[in-house]
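Here is what each chain is made of, one letter per residue.
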Amino acid sequence: MIGLISATSAGAAARDRLAAAWPDRTRVYEGPVGDAVRAAFAECEQLVCFLATGAVVRLVAPLLGDKAADPGVVCVDEGGRFAVSLLGGHAGGANELAGAVGELLGAEPVVTTATDAVGVAGLDTLGLPVEGAVAAVSRALLDGEPVALEAELAWPLAPLPVAERGAYTVRLTDRAVEPGPREVLLRPPSLVVGVGASRGAPVDEVLELIGSALAEAGLSVRSVTQLATVDAKSEEPGLVGAAERLGVPLITYTAEELAGVAVPNPSDAPLAAVGTPSVAEAAALLGGGELLVPKRKSAGSPAMATCAVVRRPARGRLAVVGLGPGARDLVTPRAVAELRRASVLVGLDQYVDQIRDLLRPGTRVLESGLGAEEERARTAVAQARAGHAVALIGSGDAGVYAMASPALAEASDDIDVVGVPGVTAALAAGALLGAPLGHDHVSISLSDLHTPWEVIERRVRAAAESDLVVTFYNPRSRGRDWQLPKALAALAEHRAPSTPVGVVRNASRPDESSRVTTLAALDPASVDMMTVVTVGNTATREIAGRMVTPRGYRWQASAEEGAR
């Protein structure tokens with residue numbers, strides 16, 4: 001919950017805008033400001049104070065406790081100009097909150113934490129439990145000192161500017177080791193503990209069993225990501241309580257699912273009790289992985305719980321990112337977030353150059369030239385399978401004549417795939433032309449490098465006969481100068497010579513140009529590969545120099561009738 005505090009009418013107006021936008025996330029604190037801040041500080045995860053920063057500093061100073069537990073605090077000045085991340089920038093989420101508040105209120109986010117100022121990912125913002133000399137290692141990263149990354153298992157980390165060797169170390173491990181004086185330990189959520197229990201098994205007995213199993217195997221409890229059991233035990237108090245105390249979910253499977261898992265230590269007892277020869281081992285192994293601790297029983301007499309521990313393999317992450325048509329302000333915030341999250345970037349060299357400044361230090365860039373689309377797709381998927389966080393970029397929307405299709409043809413269900421939509425060339429061109437896509441429309445690429453011309457021509461003729469607005473991608477190049485005239489001729493069989501045609505080159509870029517002509521007047525020689533050509537349907541009109549395709553023919557008929 002986010003507590004909202006204000007002292008003046010101007011602050012209250014901004015406060016209420018925030019409350020209206022986030023009704024389920026915010027709580028307004030009324031009354032004297034000091035009392036409101038103290039109450040919100042105790043009850044909320046974050047605060048937004050519409051007060052001077054000096055006043056907030058004095059109010060929260062006596063309340064400060066643990067850096068890891070204190071709420072994040074953002075201050076917004078009464079003029080609504082700035083959203084200042086004052087306290088808990090990383091641990092309390094104040095840096096991210098300042099950005100969200102700034103976007104909503106039109107204020108400038110002010111973030112002063114050192115790692116954010118230079119674009120280095122904070123070690124405590126990687127989404128993993130962290131131990132050790134966080135401040136010292138972070139300082140070394142900021143100062144450009146060599147920091148080694150020792151990854152004992154693959155995991156899709158955000159980029160870090162690390163070296164092969166260094167006096168400081170970031171170690172990714174699920175083993176129960178203590179950090180050195182110049183070392184940070186990152187704990188990946190790699191361990192699944194399968195658990196079984198008799199009715200009434202005490203929570204302390206379950207926890208003691210799990211703790212001893214992990215300790216004897218040399219594994220860290222901070223890398224446990226879930227407890228798993230049979231669904232018949234989903235409400236067993238000892239298991240539910242153990243999961244709550246560990247801060248992880250209790251995942252359940254049917255007896256039938258568990259019975260289908262091959263295990264080293266099946267037993268007749270669980271088969272008779274819940275219908276599967278294994279609970280602990282089968283539940284731990286069901287998602288795949290390496291069995292590190294075979295089934296063991298608790299120390300009670302009689303033993304009332306069993307457990308087994310499996311290390312799950314890391315699932316790499318592939319984000320397929322559309323960069324839009326070229327303008328920086330048409331790159332979506334989600335695309336920027338994925339670019340900054342990826343430790344590996346794969347893309348066409350000219351697209352990489354467009355967004356290189358958005359990448360975090362330490363991002364590994366794998367770029368190639370035109371014509372290597374399939375190679376880039378294979379590279380991106382291979383990097384994700386190796387456990388990395390990968391961004392594969394394309395122009396416009398990555399799913400439209402771009403990299404999503406070849407990448408997903410290579411990918412299987414062993415990696416996580418995220419699609420990030422982008423503004424397409426057709427949409428960017430349409431916005432310049434007016435409203436040519438106001439009714440049903442289709443996009444067709446005239447490049448026959450990968451698609452036979454016979455197939456392309458059949459699609460053009462179908463669009464012509466269906467009276468669809470058509471946007472042509474890849475309309476003409478030096479080596480392909482006859483396809484556009486043929487496509488226009490096919491459309492001309494079903495449309496009047498006066499049909500409006502929009503021609504847009506380099507939409508949204510500094511040298512963009514656009515014009516509206518007609519099907520009869522369009523000179524194909526004026527078109528190149530950087531151009532998008534949009535041909536209207538029989539209802540499209542040029543109005544005040546803009547292409548307009550009405551949303552429906554009835555609307556057009558009514559408008560024409562009213563104009564008479």
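Structure shown above.
Computed from a predicted model, the values in this text were never measured in an experiment.

Asks: Help me out: how do you make sense of the overall build of the protein in this one?
Replies: Of the regular secondary structure elements, the protein holds 19 helices and 28 strands. Projected onto the principal axes, the alpha-carbon positions of the protein cover approximately 90 × 65 × 55 Å. Residue burial in the protein is summarised as follows: out of 564 residues, 46% are buried. Excluding contacts between residues fewer than 6 apart, the proportion of contacts in the protein whose partners are at least 24 apart in sequence is 64%. Of the roughly 26,200 Å² of accessible surface on the protein, a fraction of 52% belongs to carbon and sulfur atoms.

Asks: What am I meant to see in the packing of aromatic side chains here?
Replies: Aromatic ring pairs are reported here in terms of the distance separating the ring centres and the angle at which the planes meet. Overall, the coordinates contain two aromatic pairs when judged by the stated rule. Note on W453 and W482: the rings are 5.2 Å apart at their centroids and 75° apart in plane angle, and the pair reads as edge-to-face. With W453 in helix α17 (residues 453-465) and W482 in the loop between β23 (469-473) and α18 (483-492), the pair connects residues that are 29 residues apart, well separated along the chain. By relative accessible area, W482 is classed as partly exposed at 37%. Note that R25 overlies the ring of W22, its terminal NZ or CZ placed 4.3 Å from the centroid.

Asks: Could you clarify how one ought to interpret helix α1 (residues 9-21) in this entry?
Replies: An α-helical turn contains 3.6 residues, so any two residues separated by three or four positions project in the same direction. Between the first and last C-alpha of α1 there are 18 Å, a value that for 13 residues agrees with the 18 Å anticipated at 1.5 Å per step. The complete set of buried residues in α1 reads G11, A12, A14, R15, L18 and A19. Buried positions in α1, seen along its axis, are confined to an arc of 165° and lie on one side of it. The outward face of α1, more than 90 degrees from its buried face, is lined by the exposed residues S9 and A20.

Asks: How do you make sense of the sheet that holds strand β10 (residues 183-186) when you look at a structure like this?
Replies: Through backbone hydrogen bonds, the strands of a sheet pair up, either in parallel or in antiparallel fashion. Spatially, the four strands line up as an open sheet ordered β7-β10-β9-β8, and their pairing is mixed. In this open sheet, the two strands that pair with only one neighbour each are β7 (130-132) and β8 (147-151). Here the strands of the sheet are splayed against their neighbours by 20° on average, with no regard to which way each runs.

Asks: Sorry if this is basic, but what is going on with the sheet that holds strand β19 (residues 389-394) here?
Replies: With parallel pairing, five strands are arranged side by side in an open sheet as β18-β17-β19-β16-β20. Edge strands, defined here as strands with exactly one partner in the open sheet, are β18 (364-368) and β20 (416-420). On average, each strand axis in the sheet is tilted by 15° relative to the strand beside it, whichever way the strands run. In this sheet, β18 lies alongside strand β17 (residues 344-348) in parallel orientation, the contact comprising five bridges. Opposite L348, over in β18, you have S368 as the bridge partner.

Asks: Is there a simple way to explain the side chain of R376 in this structure?
Replies: Within the fold, R376 resides in helix α14 (residues 373-385). Accessibility expressed as a relative area gives 5% for R376, which makes it buried. Beyond its immediate sequence surroundings of up to four residues, R376 is in contact with V346, G347, L348, S368, G369, L392 and M403.

Asks: Would you take a moment to explain the nonpolar core for this structure?
Replies: Note that soluble globular proteins tend to have their nonpolar side chains buried in a common cluster. With 22 residues, the main nonpolar core has V193 and L227 as its most contacted residues. Mapped by element, the contributors of at least two residues to this core are β11 (191-197), α7 (203-217), β12 (224-230), α8 (237-246) and β15 (305-311). With six residues, the single largest contributor to this core is α7. Setting aside residues no more than four positions away along its own chain, V193 makes contact with I210, V224, Q226, L227, A228, C307, A308 and V309. One finds L488, A490, L519 and L522 within the second-largest nonpolar core, a separate group that totals 21 residues.

Asks: Help me understand the pattern of salt bridges in this model?
Replies: Oppositely charged side chains are able to pair whenever their charged atoms sit close together. Inspection of the entire model under this criterion finds 26 salt bridges. Of the charged contacts, one joins E367 and R356 as a salt bridge, the two residues approaching to 3.4 Å between their closest N and O atoms. Pair noted here: E367 is in strand β18 and R356 is in the loop between α13 (349-355) and β18, with a separation of eleven residues, a long-range link. Residue R356 is classed as partly exposed on the basis of its relative accessible area of 36%. Counted as one network, the salt bridges with shared partners bring together E152, R171, R175 and E183.

Asks: Whenever I open this one, unusual backbone geometry confuses me. Can you help?
Replies: A negative phi holds for most residues other than glycine; trans holds for most peptide bonds. Of note, the phi angle at N506 is positive, near 55°, even though the residue is not glycine. Residue position: N506 is located in the loop between β24 (500-505) and β25 (513-518). A relative accessible area of 7% places N506 in the buried class.

Asks: Looking at this structure, I do not really get the packing of α1 against helix α4 (residues 94-105). What am I missing?
Replies: Helix packing geometry: the angle between the two helix axes and the distance between the axes. Relative orientation of the contacting elements α1 and α4 amounts to 105°, with a least axis distance of 11 Å. Comparing their axes, α4 and α1 come out roughly perpendicular. Of the residues in α4, those touching α1 at A14, R17, L18 and A21 are V101, L104 and L105.

Asks: Sorry, what's going on with α18 here?
Replies: Residues Q483, L484, A487, L488, A490 and L491 constitute the buried set of α18. The buried residues of α18 all sit within an arc of 155° when viewed along its axis, so they share a single face. Those residues of α18 that are buried are in contact with α17, β23 and β26 (531-535).

Asks: For this particular structure, what's the right way to read the pairing of strand β22 (residues 441-445)?
Replies: Pairing of β22 with β23, which is carried by five bridges, proceeds in the parallel orientation. By the bridge assignment for β23, I444 is matched with F472. Each parallel crossover has a hand, and for β22 linked through α17 to β23 it is right-handed.

Asks: Please clarify how the side chain of E281 should be interpreted in this entry.
Replies: Relative to the assigned elements, E281 resides in helix α11 (residues 280-285). At 6.2 Å, K295 is the nearest oppositely charged side chain to E281, a buried residue that forms no salt bridge. Of the polar contacts made by the side chain of E281, one reaches the backbone nitrogen of K295; its length is 2.9 Å. Excluding anything up to four places from it in sequence, E281 contacts V263, P264, N265, L291, P294, K295 and A308.

Asks: Just to check I follow, could you spell out the environment of P436 for this structure?
Replies: Note on placement: P436 falls in the loop between β21 (434-435) and β22. On the basis of relative accessibility, which here comes to 1%, the residue P436 falls in the buried class. Each C-alpha atom of the pair P436 and V470 lies 9.4 Å from the other, and the pair is 34 residues apart in sequence. Discounting residues that sit within four places of it in the chain, P436 has contacts with G430, V469, T534, M547 and T549.

Scoring rules and cut-offs
Residues numbered from 1 in each chain as written. Predicted model: local features only at pLDDT ≥ 70, side-chain atom pairs only at ≥ 80, totals over all residues. Heavy atoms only, no water. Helix = DSSP H or I, 4+ residues; strand = E, 2+ residues; numbered from the N terminus. Buried < 20%, exposed > 50% of the residue type's maximum accessible area, 1.4 Å probe, protein only. Contact = heavy atoms within 4.5 Å. Areas by Shrake-Rupley, 256 points an atom, 1.4 Å probe, with all protein chains shown as cover. Phe/Tyr/Trp six-rings, centres within 6.5 Å; stacked < 30°, edge-to-face > 60°. Lys NZ or Arg CZ within 6 Å of the ring centre and 35° of its normal. Expected span 1.5 Å × (residues − 1). Arc of directions from axis to C-beta. Pairing = 2+ DSSP bridges. Axes fitted to C-alpha atoms, helices over the stretch in contact; angles between N-to-C directions. Core = buried A, V, L, I, M, F, W, Y, C linked by side-chain atoms within 4.5 Å. Salt bridge = Lys/Arg side-chain N within 4 Å of Asp/Glu carboxyl O. Parallel < 35°, antiparallel > 145°, perpendicular 65-115°, else oblique. Right-handed = clockwise from strand over helix to strand, strands pointing away. Lys, Arg positive; Asp, Glu negative; His and termini not counted. Polar contact = N/O pair within 3.5 Å; in protein donor to acceptor, adjacent residues only side chain to side chain.

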